[in-house]
Amino acid sequence: MSWLLLAIQVLLATVLLLAAAAKALRPADFASALRLSHLPSRLVRSLSIAIPALEFCLALALVLSTRRLLPGALSVTALLFGAFAVWMIWIRANRLRVRCGCFGLGGTEVGGHTIARNGLLIVLAAAGAVLAGRTESPLPAPSFWMVVTVTSVSVCLALLVALREVAPHFSFTFEQLQERQARAAGLSVEE
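Described below are features of the structure shown in this document. Keep in mind it's a predicted model, so treat the numbers as computed, not measured.

Some remarks on the overall build of the protein
Helix and strand content of the protein: seven helices and zero strands. Starting at the N terminus and ending at the C terminus, the protein contains elements arranged as α-α-α-α-α-α-α. In the protein, which comprises 191 residues, the share counted as buried stands at 31%. If you take every contact in the protein between residues at least 6 apart in sequence, the share linking residues at least 24 apart comes to 73%.

Structure (structure tokens):
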């Protein structure tokens with residue numbers, strides 16, 4: 001049973017990590033999906049930041065949790081997938097045409113298959129929570145240095161994603177550079 005728990009941990013952590021990375025690298029796609037489902041703009045802004053962060057934290061928690069904390073991490077994961085399923089059911093009930101935005105660009109339109117996929121993820125997370133309460137995962141308990149290393153790498157990745165988002169605001173074309181240099185030269189000539 002411990003190997004089944006390990007498989008569930010790794011599978012769910014991978015799904016969460018891929019989803020968080022896709023949302024972080026293409027935040028406009030996910031925000032668009034939220035906006036098209038008629039959520040208030042303030043809520044869209046908050047959720048488009050909070051959900052990828054939560055997914056990333058849960059992915060880490062699923063592989064780094066101690067035996068005592070693992071059932072909780074799996075339960076929160078099941079609740080998150082449940083919230084997604086409710087959102088998708090609401091979209092279908094209101095006959096909205098919204099792309100899921102779950103895995104970034106090219107996400108499929110919310111439909112029965114996306115709801116079923118989330119249902120399967122809920123079942124896996126709930127089964128994992130039950131298993132984690134009864135058996136121990138074969139993953140080693142995290143050491144202090146493992147947590148520090150994973151946290152450091154996570155912060156570096158978050159900074160890279162943030163830099164990727166703000167880089168276009170700091171870069172300019174060759175023509176813009178020439179124009180700036182010409183203005184600077186023109187100003188220094190006048191002085």
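More follows now that the structure is in view.
What about helix α3 (residues 41-64)?
If you check α3, its first and last C-alpha atoms are 35 Å apart, about what 24 residues at 1.5 Å a residue would give, namely 34 Å. At Leu47, α3 shows its largest kink, close to 30°. Residues of α3 that are buried include every one of Val44, Ser48, Ile51, Pro52, Glu55, Leu58, Ala59, Leu62 and Leu64, and no others.

Thoughts on the side chain of Glu55
Mapped onto the secondary structure, Glu55 falls in helix α3. According to the relative accessible area criterion, Glu55 is buried, its value standing at 1%. Every residue in contact with Glu55, bar those within four places of it in the chain, is listed here: Leu16, Ala19, Ala20, Lys23, Leu80 and Phe84.

As for unusual backbone geometry
Of note in the backbone geometry, His38 takes a positive phi value of approximately 70° without being a glycine. Tracing the backbone through its elements, the reader meets His38 in the loop between α2 (27-36) and α3. For Arg95, which is not glycine, the phi dihedral falls at a positive 55°. Exposure remark for Arg95: the relative accessible area of 74% places this residue in the exposed category.

Cut-offs and rules
- Numbering of residues begins from 1 in every chain and follows the order in which that chain's sequence is written.
- The predicted nature of this model means local features are confined to residues of pLDDT at least 70 and side-chain atom pairs, given and counted, to a pLDDT of 80 or more, with totals for whole chains, interfaces and linings taken over all residues.
- Water and hydrogen atoms were dropped before computing side-chain values, which therefore reflect all heavy atoms in the structure.
- The numbering of helices and of strands both runs from the N terminus, where a helix is a DSSP run of H or I of at least 4 residues and a strand a run of E of at least 2.
- Only protein chains enter the calculation, and the probe is 1.4 Å; a residue is then buried if its accessible area is under 20% of its type maximum, exposed if over 50%, and partly exposed in between.
- We call two residues in contact whenever any of their non-hydrogen atoms come within 4.5 Å of each other.
- Here, expected helix span is obtained from the residue count minus one, scaled by 1.5 Å.
- To obtain the bend at a residue, axes are fitted to the seven residues ending there and to the seven starting there, and the angle between these axes is taken.

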